[in-house]
Amino acid sequence: MTCERFEELLSAYLEGELSAAEGREMEAHAATCSSCAELLSFLRETQGALRGFPEVEPSQALMAKLYAIPEKKRFFKPVFDFLLRPDLQPVFATFSVLFIALSFVFFLPQGRGIQKAINRQIHLGYSQVEKLYAKAGSVTDELGSFKNTVVDSFKALSPSKGQEDKK
Amino acid sequence: MDLNTIVRECLEGRQGAWETLMNTYAKKVFNLAYQFSGSRQEAEDRTQEIFLKLYNSLAKFDFQKNFTAWLLTLAKNHLIDEYRKTKWEKTQRDDFDERVLAQGSLSGPEESLVQKETRALIWDGLNQLSPEMRMAVILRDLQGRSYEEMAEILGLPLGTVKSRVNRARIALAEVLKEKRGELS
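About the thresholds
Residues numbered from 1 in each chain as written. Chains lettered and ligands numbered in written order. Predicted model: local features only at pLDDT ≥ 70, side-chain atom pairs only at ≥ 80, totals over all residues. Heavy atoms only, no water. Helix = DSSP H or I, 4+ residues; strand = E, 2+ residues; numbered from the N terminus. Buried < 20%, exposed > 50% of the residue type's maximum accessible area, 1.4 Å probe, protein only. Contact = heavy atoms within 4.5 Å. Areas by Shrake-Rupley, 256 points an atom, 1.4 Å probe, with all protein chains shown as cover. Buried area = accessible area lost by both parts, 1.4 Å probe. Salt bridge = Lys/Arg side-chain N within 4 Å of Asp/Glu carboxyl O. Polar contact = N/O pair within 3.5 Å; in protein donor to acceptor, adjacent residues only side chain to side chain. Axes fitted to C-alpha atoms, helices over the stretch in contact; angles between N-to-C directions. Parallel < 35°, antiparallel > 145°, perpendicular 65-115°, else oblique. Left-handed = near helix turned anticlockwise from the far one by under 90°. Nonpolar A, V, L, I, M, F, W, Y, C, P; charged D, E, K, R; others polar. Patch = residues over 30% accessible without salt bridge, like charges linked within 9 Å, V, L, I, M, F, W, Y side chains within 5 Å. Lys, Arg positive; Asp, Glu negative; His and termini not counted. Charge placed at Lys NZ, Arg CZ, Asp CG, Glu CD. pLDDT = per-residue confidence, 0-100. Core = buried A, V, L, I, M, F, W, Y, C linked by side-chain atoms within 4.5 Å.

1. Quick notes on the overall build of chain B
And step 1. Per the secondary structure count, chain B includes nine helices and zero strands.
And step 2. For chain B, buried positions account for 50% of its 184 residues.
And step 3. Taking the intrachain contacts of chain B between residues at least 6 apart in sequence as the baseline, contacts between residues at least 24 apart amount to 65%.

As structure tokens, this is what we get:
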């Protein structure tokens, strides 16, 4: 038997799981190999010491905390329960989509492109409005001058009336 | 009362069911945490966290399975995860209480002294094992679990569990040999 094989079978040997023939082989190896015999002796001592460790009692304070776990959970549950109502789910879904869209705009490098595009559209819209306003202004002016022209024409068309007035 | 009945009653919120579950398992889980971490304070914190996790996941328990093995798997996973996160190996284990060390069937004062010293060395030596090896040796030699139960708790084949326990014991024996060498 090799030392490696001896080590592999150590626990099985100590727990009496080996066959009689294997057990005799182990003993024969330990009789000729001092390091394996020493390991066996230390292992026996280790196992003995491990088995002798008694169980420790948990403190009263710990037991009180453990008993209180359901109470604690019950206390916190109603406070946040309203958030779990099914009718709030569409609201959460809408906010989630909105936040995801906003995060694309504000945090991603590509988002700056989106931001620029939005700005461009806003400026375009603004300039369109300005142009419309300017056109509207010019139309008002034109209407004013048209009105004056019409008034002058009427005045020019009725000279006799003007003479009668003089008389 | 049957364990499955207690668990069902806990799920229904029946008065006293959770207390019964605590009386059955608190000591086992606390000792597992204490033996694994080596610190009483750490063990108290971990035990609370484990039972909080248990309370939250109790509804997921499969009644076809063994509840004790399921709880110990949860405890084992939590202890090893927390160990990896906080690296307890850097912290010292508590000095093992001498009154506890002196307990057990001893034949005389001389043997008592040797056993006391061995237990103290082994207790400190547990920190030199990897978390997996430490857990294996604790479950087998300190908690007295069968290899079959351990295979269920650790989620490993029986052969792997046996070989891990053997390697852990040899490592601990080597630590004892080394520490004895340092002392003499």
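2. Concerning the overall build of chain A
And step 1. Check the secondary structure of chain A and you find eight helices and zero strands.
And step 2. In chain A, the succession of α and β elements from N to C terminus is α-α-α-α-α-α-α-α.
And step 3. Across the 167 residues that make up chain A, the buried fraction comes to 20%.
And step 4. When contacts within chain A are restricted to residue pairs at least 6 apart in sequence, long-range pairs at least 24 apart make up 49% of them.
And step 5. Carbon and sulfur atoms provide 63% of the accessible area of chain A, an area that totals close to 12,700 Å².

3. Some points on the interface of chain A and chain B
And step 1. Contacts between the two partners involve 32 residues from chain A, matched on the other side by 40 residues from chain B.
And step 2. Here chain A meets chain B over a buried area of about 3,700 Å², counting both sides, of which 63% is carbon and sulfur.
And step 3. Inspection of the region where chain A meets chain B yields six salt bridges.
And step 4. On the surface where chain A and chain B come into contact, there are 15 residue pairs in polar contact (both at pLDDT 80 or more).
And step 5. Of all the secondary-structure elements, those providing two or more residues to the side of chain A that touches chain B are α1 (3–14), α3 (34–51), α4 (60–67) and α5 (69–81) of chain A.
And step 6. At 10 residues, α3 of chain A tops the list of elements feeding residues into the side of chain A that touches chain B.

4. Section: the packing of α4 of chain A against helix α3 (residues 40–57) of chain B
When two helices pack together, their arrangement is given by the angle between their axes and by how far apart the axes lie.
And step 1. Relative orientation of the contacting elements α4 of chain A and α3 of chain B amounts to 15°, with a least axis distance of 10 Å. As far as their axial angle goes, α3 of chain B and α4 of chain A are roughly parallel. As for the relative orientation of α4 of chain A and α3 of chain B, their crossing is right-handed in sense. For the pair formed by α4 of chain A and α3 of chain B, the contact residues are Leu 62, Lys 65 and Leu 66 of chain A on the first element and Glu 44, Thr 47, Gln 48 and Phe 51 of chain B on the second.
And step 2. By residue class, the composition of the contact of α4 of chain A with α3 of chain B is three nonpolar, two polar and two charged.

5. As for the environment of Leu 79 of chain B
And step 1. By the secondary structure assignment, Leu 79 of chain B is in helix α4 (residues 67–86).
And step 2. Residues Leu 79 of chain B and Ala 33 of chain B, 46 residues apart in the sequence, show an inter-C-alpha distance of 7.0 Å.

6. Some details on a negative patch on the surface
And step 1. Negative charge collects at one region of the surface, where Glu 4 and Glu 7 of chain A together with Glu 174, Glu 178 and Glu 182 of chain B lie side by side.
And step 2. Listing elements by their share of the negative patch, those giving two or more residues are α1 of chain A together with α9 (158–183) of chain B.
And step 3. It is α9 of chain B that contributes the most residues to the negative patch, three residues altogether.
And step 4. As for its placement among the helices and strands, Glu 4 of chain A is situated in helix α1.

7. Description of the confidence of the model for chain A
And step 1. Averaged over all residues, the pLDDT of chain A equals 83, while 85% of them reach at least 70.
And step 2. Mean pLDDT per element in chain A: helix α8 (residues 159–166) of chain A is the minimum at 55, and α4 of chain A is the maximum at 92.

8. Description of the nonpolar core
And step 1. Counting 76 residues, the largest nonpolar core has Leu 21, Phe 51 and Phe 67 of chain B as its most contacted members.
And step 2. The greatest single-element share of this core, amounting to 12 residues, is contributed by helix α2 (residues 17–37) of chain B.

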